[in-house]
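Inside the fold
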Amino acid sequence: MKRAAISAFALAAGLLVLGAAAWRAEAQEASGEVTLMSYAGVFQDQYVKAVVEPFMAKHPKIRVKFTTSGNSAQMLGALRAQKSDPQVDVIIFDAGTGLVGNREGLLDTISEQEVPNLANLYPAAIVQKGYGPAVTFDNLVLVYDTTKVTSKPDSLAELWKPEYRGKVGVSGMPNIQGIAFTVMTAKMIGEDWTKSIDRTVKKLAELAPSVQTFDPSPDGYTLVLNGTLEWATGWNARAQFFRNESKGKLGVLLPKEGSVMQINTINLVKGAKNRAAALAFIDYALSAEAQKAFTEAMYYAPANRTAKISEEALGRTATARIDEMLPLDWGWVAKIRDQWNTRWRREVIAAGR
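Scope of this entry: the structure provided in the associated data block. Because the structure is predicted, anything quoted here is derived from the model rather than measured.

**Observations regarding the overall build of the protein**
Broken down by element type, the protein carries twelve helices and eleven strands. The C-alpha radius of gyration of the protein comes to 22 Å, within 12% of the 20 Å expected for a compact globule of 353 residues. For the protein, the spread of C-alpha atoms along the three principal axes comes to 75 × 45 × 40 Å. Counting over 353 residues, the protein shows a buried share of 54%. Excluding contacts between residues fewer than 6 apart, the proportion of contacts in the protein whose partners are at least 24 apart in sequence is 75%. Summed over its atoms, the accessible surface of the protein is roughly 15,800 Å², and 52% of this surface lies on carbon and sulfur atoms.

**Let's talk about helix α3 (residues 72-81)**
Among all positions in α3, only S72, M75, L76, A78 and L79 are buried. Considered in projection along α3, the buried side chains sweep an arc of 155° and stay on one side of the axis. Packed against the buried residues of α3 are β1 (32-38), β3 (90-94) and α4 (95-103).

**So, the environment of A307**
Counting through the fold element by element, A307 comes out in the loop between β10 (301-302) and α11 (311-314). The exposure class of A307 is buried, given its relative accessible area of 12%. C-alpha separation for the pair A307 and F181, spaced 126 residues apart in sequence, amounts to 30 Å.

**Observations regarding the pairing of β3**
Regular strands have side chains that alternate between both faces of the sheet. Taking burial as the measure, the five residues of β3 include five buried ones, the bulk of the element. Both β1 and β3 contribute to a ladder of two bridges, which runs parallel. In the sheet register, L36 faces β3, and the bridge partner there is V90. With five bridges joining them, β3 and strand β9 (residues 259-268) adopt antiparallel strand pairing. By the bridge assignment, F93 is partnered in β9 with T265.

**Considerations on helix α2 (residues 42-58)**
Between the first and last C-alpha of α2 there are 24 Å, a value that for 17 residues agrees with the 24 Å anticipated at 1.5 Å per step. The largest bend along α2 measures about 45° and falls at V48. Every buried residue belonging to α2 is among V42, F43, Q46, Y47, V48, A50, V51, V52 and F55, and all of these are buried.

About the thresholds
Residues numbered from 1 in each chain as written. Predicted model: local features only at pLDDT ≥ 70, side-chain atom pairs only at ≥ 80, totals over all residues. Heavy atoms only, no water. Helix = DSSP H or I, 4+ residues; strand = E, 2+ residues; numbered from the N terminus. Rg over C-alpha atoms; globule rule 2.2 N^0.38 Å. Buried < 20%, exposed > 50% of the residue type's maximum accessible area, 1.4 Å probe, protein only. Contact = heavy atoms within 4.5 Å. Areas by Shrake-Rupley, 256 points an atom, 1.4 Å probe, with all protein chains shown as cover. Arc of directions from axis to C-beta. Pairing = 2+ DSSP bridges. Expected span 1.5 Å × (residues − 1). Bend = angle between axes of the 7 residues up to and from the residue.

Spelled out as structure tokens, the structure:
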């Protein structure tokens, strides 16, 4: 009986090895075009250089076309519009939006056999088992003009100071920066956002008259650097990149109240026209090689635990200040997102008009 059990185990192990080998062979032979949808601007520029182009060099039979459609909510809208005839194979957007896409049947399941690098990810990268995992981690920050904000700021409360009236940009909901900003404001005033945001919404409405725009275009970093704004909300990775580019003109503040971890997931679109090539790209995007390259180019914290990141780059990612991240369950956010969005539109944004 024992010998039979061992033989059965050996057979099962052998089949797994053969299955993995078959998948690797299939990935090597995949060809055609993969359409990747994600964020525009500097994210697109750096992701193409750090991940897309090296992938195509390794897989010369596959071409990856990078397309954009605004923020995560807008990308979700594009997927909904294409549901009967998807024009996208792979999509990278925020975890909360990804959970909605999973629930609506817009995104497909993936397995470790199809994407072997799933085995090398941090546990926190598995947002929903069987679906697209985290590909990057980031966190919300405030960015400011260091030539005009001459004191050393340390708090979210800076934005409410009267001297900055009309000089603030906040990416409000449905942008997920609005969700993170709500949570950080709740922390600042001592309200439990999982139970109520009544006092938080009132506090945000008090800020509204100081906000020049709730939809900074092209983004808050650019508007601060060109003198249109003195303060804006933003993501740490991009902020660190633009701080380098501006030689320190752009200041980056993680407030003492803490911040919110943001997760971007990489997903296979349901009905993808080139599934094999799309899975090969997802696996490469999650590899130690690709994760290292993109973290060192853009300061997004890696999802792959085997990636060997330089200390300088890792020290400027969300990973370096993980203890300052506020506990926010993006699965819970997916359930209350519409409610918060309605309150932002009616009570916060309207208060600034």
